[in-house]
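Summary of structural features
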Amino acid sequence: MPRQRHLKLTEVLEEIDMSRAAFYRMRARGKAPKLIKLPNGQLRVRRSDLDAWWTNCEQQAA
């Protein structure tokens, strides 16, 4: 089974075309994709979590 891809926060922000500040505001409201904090303090988002978030955004807009 292939290992799941984990995206850096900068990659996520670029893909969703959002500033870091706007992302953290959305996260505070519980509306952002789930973040994983690594032991070194870096943040990652699972590709599957981001894809599920996109799907949820599309369903809410419909």
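So, here's what we can say about the structure. (Residues numbered from 1 in each chain as written. Predicted model: local features only at pLDDT ≥ 70, side-chain atom pairs only at ≥ 80, totals over all residues. Heavy atoms only, no water.)

**Brief notes about the sheet that holds strand β1 (residues 6–8)**
The criterion, for reference: Strands are labelled as partners when DSSP assigns at least two bridges between them. Only runs of H or I of at least four residues qualify as helices and only runs of E of at least two qualify as strands under DSSP, and these elements are numbered from the N terminus. We call two residues in contact when some of their heavy atoms are within 4.5 Å. Between N-to-C directions, angles cover 0 to 180 degrees, with each direction set by a line fitted to C-alpha atoms, over the stretch in contact for helices.
With antiparallel pairing, the three strands of this open sheet are ordered in space as β1-β3-β2. Each of the sheet's edge strands pairs with one partner strand only, and the pair in question is β1 and β2 (36–37). Pairing analysis gives two bridges linking β2 to strand β3 (residues 43–46), with the strands arranged antiparallel. Bridge pairing in β3 places K37 opposite L43. Along the sheet, helix α3 (residues 47–61) contacts β1 and β3; its crossing angle with β3, the most-contacted strand, is approximately 65 degrees.

**Remarks on the packing of aromatic side chains**
Worth spelling out the cut-off: When two rings of Phe, Tyr or Trp (its six-membered ring) have centres within 6.5 Å they constitute a pair, described as stacked for plane angles under 30 degrees, edge-to-face for angles over 60, and tilted for the intermediate range. Type-normalised accessible area, obtained with a 1.4 Å probe on protein chains alone, sets the label of each residue: buried when under 20%, exposed when over 50%, and partly exposed for intermediate values.
A complete count under the given rule lists two aromatic pairs for this structure. Consider the rings of F23 and Y24, whose centres lie 5.9 Å apart with planes at 85 degrees: the pair is edge-to-face. Residue class for Y24 comes out partly exposed when judged on its relative accessible area of 30%.

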